[in-house]
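Structure assessment
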There are 2 protein chains.
Amino acid sequence: MDALENILTRKSVREFTNRPIKEEDVKTILHAAMSGPSCVNARDWSFLVTKKNDILQKMAEANGKPAQPLKKAQLGILVLGDLERAFKPAPDYWIIDGSIAAQNMILAAHALGIGSVWLGTYPQMERVNNLQKLFNLPETVIPHSIIAFGYPDEDSYALAKGKGFYEEDRVHIDRW
Amino acid sequence: MDALENILTRKSVREFTNRPIKEEDVKTILHAAMSGPSCVNARDWSFLVTKKNDILQKMAEANGKPAQPLKKAQLGILVLGDLERAFKPAPDYWIIDGSIAAQNMILAAHALGIGSVWLGTYPQMERVNNLQKLFNLPETVIPHSIIAFGYPDEDSYALAKGKGFYEEDRVHIDRW
């Protein structure tokens, strides 16, 4: 797909078919995650990847009600911040770096015809703590977001196809 | 450009020619910014856009030493978080939403042949405060990041073209 069209037509997809996602596509999505910029090129992230239904169910439970789409997903990727790799003078750049990785995954999936939805984790600390326990993560490894992936259920995809809208009043030229 | 190639070949560009950026391309970049997901679709961002050299110089000074590429840029966009629009139970999602918008701009620019570099602002509060003063921003409007744009200086672009690398050890299958 054309790169601009891909960015402008992305929409969240919450209903998935049971068609599996190929391993090579999982790798492309992860490669995209690792191709964004990061603060001082710290690459301060890791990815916990699963296609297993029982694990997807547990991740969904840990991440609260809006994470229900994960239960029917074919792939879930938990983006993790890695504080040991983060920029020491301002480690909270890990939040930005994880976001970049996650958005790259969503765009790469869309280019492959795979739908996805971003499930917020950080800064909702109950979700963060639940996932840390579920996966027994080191203290320096912080759950950031979960992306649920799958081929779109046709009806919901038709609804989902559309263009992000441009809001003139959000643009300030030369001054506030 | 192909959407996947676009994501995988993006690199930071810090040297720009003096070729101006067309207005329609600025608008495409901003449309991309507004096409990402945001927490509960809050769209909790705004964009301060300038092509004016004197303003670019002041923004560069306000944002610290790594912001020097802005001084030769043809376009600077300051991404702003809007706390009044943010998700009330967890307003810090504004940090993630601004990051998504910024990464979409960088990818859209790359698709148009325009280079860019992400200049970190938040969470470095001295930079945040300097930019708030410079543009006399309301208290609820928080500087997030600046993206500097321009056509790549040919030599540096040749250097910059490359692929993000895949690190196997960042991927954890089914468990940490």
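Just above sits the structure.
It should be emphasised that the depicted structure is a prediction, and the values quoted were computed from it without experimental measurement.

The rules behind the values
Residues numbered from 1 in each chain as written. Chains lettered and ligands numbered in written order. Predicted model: local features only at pLDDT ≥ 70, side-chain atom pairs only at ≥ 80, totals over all residues. Helix = DSSP H or I, 4+ residues; strand = E, 2+ residues; numbered from the N terminus. Rg over C-alpha atoms; globule rule 2.2 N^0.38 Å. Buried ≥ 20, exposed ≤ 12 C-beta atoms within 10 Å, placed from the backbone. Contact = placed C-beta atoms within 7 Å. Nonpolar A, V, L, I, M, F, W, Y, C, P; charged D, E, K, R; others polar. Pairing = 2+ DSSP bridges. Axes fitted to C-alpha atoms, helices over the stretch in contact; angles between N-to-C directions. Least-squares fit on C-alpha atoms with pLDDT ≥ 70 in both. Core = buried A, V, L, I, M, F, W, Y, C linked by C-beta atoms within 7 Å.

Side note on the overall build of chain A
Across its full length, chain A carries six helices and five strands. Listing the helices and strands of chain A from first to last along the sequence gives α-α-β-α-β-α-β-α-β-α-β. Against the globule reference of 16 Å for 176 residues, chain A gives a C-alpha radius of gyration of 17 Å, in line with a compact fold. Principal axes of the C-alpha set define a box for chain A whose edges measure 50 × 45 × 30 Å. Buried positions account for 50% of the 176 residues belonging to chain A. Counting contacts in chain A only where the partners sit at least 6 residues apart, residues at least 24 apart contribute 79% of the total.

What to know about the interface of chain B and chain A
The extent of an interface is frequently quoted as the accessible surface area lost upon association of the parts. Every contact between the two is made by 56 residues of chain B and, on the other side, 56 residues of chain A. Breaking the side of chain B that touches chain A down by element, the ones donating at least two residues are α1 (3–9), α2 (23–33), β1 (45–50), α4 (93–111), β3 (115–120) and β5 (171–173) of chain B. Here the side of chain B that touches chain A gets ten residues from one element, more than from any other, and that element is α4 of chain B. Across the side of chain B that touches chain A, the residue classes break down as 32 nonpolar, 16 polar and eight charged. Sheet topology note: the strand β5 (residues 171–173) of chain A/β1 of chain B ladder contains three bridges and is parallel. Within the sheet, the bridge partner assigned to I173 of chain A lies in β1 of chain B and is V49 of chain B.

Focus on the sheet that holds β5 of chain B
Across the sheet, which stays open at both edges, the five strands sit in the order β3(A)-β4(A)-β2(A)-β1(A)-β5(B) with mixed pairing between neighbours. Single-partner strands in this sheet number two, and they are β3 (115–120) of chain A together with β5 of chain B. Between one strand and the next, the sheet's axes are offset by a mean angle of 25°, whatever the strand orientation.

Section: the relation of the copies chain B and chain A
For the pair chain B and chain A, the superposition axis carries a translation of 0.0 Å, the fit reaches an RMSD of 0.0 Å, and the rotation angle comes to 180°. The transformation relating the two chain copies, once decomposed into turn and shift, fits a two-fold axis. If distances are taken from each C-alpha of chain B to the rotation axis, the shortest is found for A3 of chain B, at 1.8 Å. Looking at the interface residues of chain B, 100% of them are also at the interface in chain A, so both copies use one shared face.

A word on helix α2 (residues 23–33) of chain A
For α2 of chain A, the full list of buried residues reads V26, T28, I29, L30, H31, A32 and A33 of chain A. Where α2 of chain A is buried, its residues meet β1 (45–50), β2 (75–82) and α4 (93–111) of chain A together with α1 and β5 of chain B.

Things to note about the pairing of β3 of chain A
Looking along a regular strand, one sees side chains alternate from face to face of the sheet. Residues and elements named next belong to chain A. Within β3, six of the six residues are buried, which leaves it mostly tucked inside the rest of the structure. Burial along β3 is two-sided: G115, V117 and L119 facing one way and S116, W118 and G120 facing the other are all buried. Here six bridges tie β3 to strand β4 (residues 141–150), and the two strands are oriented antiparallel to one another. Pairing of V117 across the sheet is with A148, part of β4.

Re the nonpolar core
In terms of nonpolar packing, the biggest core is built from 110 residues, with M105 and A108 of chain A together with M105 and A108 of chain B touching the most fellow members. For A108 of chain A, the contacting residues outside a window of four places in its chain are T28, I29 and A32 of chain A together with L4 and I7 of chain B.

Thoughts on the sheet that holds strand β2 (residues 75–82) of chain B
Note on sheets: strands pair through backbone hydrogen bonds, and any given pair is parallel or antiparallel. In spatial order, the strands read β5(A)-β1(B)-β2(B)-β4(B)-β3(B); together these five strands make up an open sheet with mixed pairing. Since the sheet does not close on itself, it has two edges, and those belong to β5 of chain A together with β3 of chain B, each with one partner. The average undirected angle you get between the axes of adjacent strands in this sheet is 25°. As paired strands, β2 of chain B and strand β4 (residues 141–150) of chain B are joined by eight bridges and run antiparallel to one another. Paired with L78 of chain B across the strands is I146 of chain B, a residue of β4 of chain B.

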